[in-house]
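One letter stands for each residue in the lines below.
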Amino acid sequence: MALGAFALTFTAITASPVAAQQRVADPFVRADASFSPHRLNRVVRPQAIGKPANCFDGECEWVDKAGVAHSFGGKLLAIKSISVRPDDRRALQALGIGTARDRSAVLTRVRAFLPEIKIDCLEPGQAGEGQGIASCSGSFRSGAWFKLLFGADGRLTQARIDAFQIN
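A short tour of the structure in this document, coming up. (Residues numbered from 1 in each chain as written. Predicted model: local features only at pLDDT ≥ 70, side-chain atom pairs only at ≥ 80, totals over all residues. Heavy atoms only, no water.)

### Remarks on the overall build of the protein chain
Right, so step 1: What the protein chain contains, in helices and strands, is 4 helices and 8 strands.
Right, so step 2: Its helices and strands taken in sequence order, the protein chain reads α-α-α-β-β-β-β-α-β-β-β-β from the N to the C terminus.
Right, so step 3: When burial is assessed residue by residue, the protein chain has 38% of its 167 residues classed as buried.
Right, so step 4: Of the contacts made within the protein chain by residues no fewer than 6 positions apart, 43% connect residues no fewer than 24 positions apart.
Right, so step 5: Within the structure as shown, the protein chain displays about 9700 Å² of accessible surface, and the carbon and sulfur contribution to it stands at 56%. (Helix = DSSP H or I, 4+ residues; strand = E, 2+ residues; numbered from the N terminus. Buried < 20%, exposed > 50% of the residue type's maximum accessible area, 1.4 Å probe, protein only. Contact = heavy atoms within 4.5 Å. Areas by Shrake-Rupley, 256 points an atom, 1.4 Å probe, with all protein chains shown as cover.)

Next up, the structure:
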C-alpha cells in the first residue's frame with residue numbers, strides 16, 4: 001500500500017464519530033444524527049429505540065442505551081433529549097458537546113459543531129424554564145430547533161432537539 005493510501009485509510013479509521021457527523025452538510029441532519037440514529041420527523045417503531053419511560057396518559061418516551069429520550073407526535077419521532085446529572089461525566093455525542101458541562105464550554109462546542117446556526121440565550125428569569133434556569137437555542141431552516149438548559153450553577157442539565165411542536 002502506498003504511503004498516501006495508508007494515510008487516508010488510517011485517517012478514515014481513526015476519525016471520531018463527531019468528525020464524521022460534521023461532514024454532513026445539512027446542519028439539521030447533522031444535529032439530529034448526533035443524538036441518535038433514529039431520524040426525527042419519520043415513522044419509527046418505538047420498541048426499536050429502547051425501553052419506555054416517563055409514561056403519562058398512554059404515551060411514553062422511549063430511552064435508548066445512551067440515555068437519549070425519544071418522544072413521538074403521533075407516529076412521527078418529534079423530540080430527542082438527554083438529561084445531564086451534576087455528576088455525569090460521560091461524553092455526549094449530542095451537538096458535539098462531549099465532556100463539556102459549563103455553559104461557555106458547551107456553547108463553544110455546539111458553535112463549532114453547528115457553525116451555520118445562530119445561538120440565542122436567555123438568562124434565568126427570561127427563559128421561562130424554572131427558577132435559576134438559563135436556556136440557549138438555535139433554529140434550523142426546516143423549522144426544527146434545539147435547546148440547551150443550564151442550571152443555576154451554569155452547568156448543562158439538558159440538551160434537546162425538536163422536529164416539530166407536540167402537546
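### Thoughts on unusual backbone geometry
Right, so step 1: Phi at Asn-54 takes a positive value of approximately 50 degrees, unusual for a residue other than glycine.
Right, so step 2: The exposure class assigned to Asn-54 is exposed, which follows from its relative accessible area of 61%.
Right, so step 3: Phi at Asp-57 is positive, roughly 55 degrees, even though this residue is not glycine.
Right, so step 4: Within the secondary structure, Asp-57 is located in the loop between strand S1 (51-56) and strand S2 (59-63).

### Quick word on helix H3 (residues 27-35)
Right, so step 1: Burial of H3 is extensive: 7 of the 9 residues sit out of reach of the surface.
Right, so step 2: The set of residues buried in H3 consists of Pro-27, Phe-28, Arg-30, Ala-31, Asp-32, Ser-34 and Phe-35.

### Describing the side chain of Gln-158
Right, so step 1: With respect to the element layout, Gln-158 can be found in strand S8 (residues 156-162).
Right, so step 2: Given a relative accessible area of 18%, Gln-158 falls into the buried group.
Right, so step 3: Apart from the residues within four sequence positions on either side, Gln-158 is in contact with Ser-81, Ile-82, Ser-83, Lys-147, Leu-148 and Leu-149.

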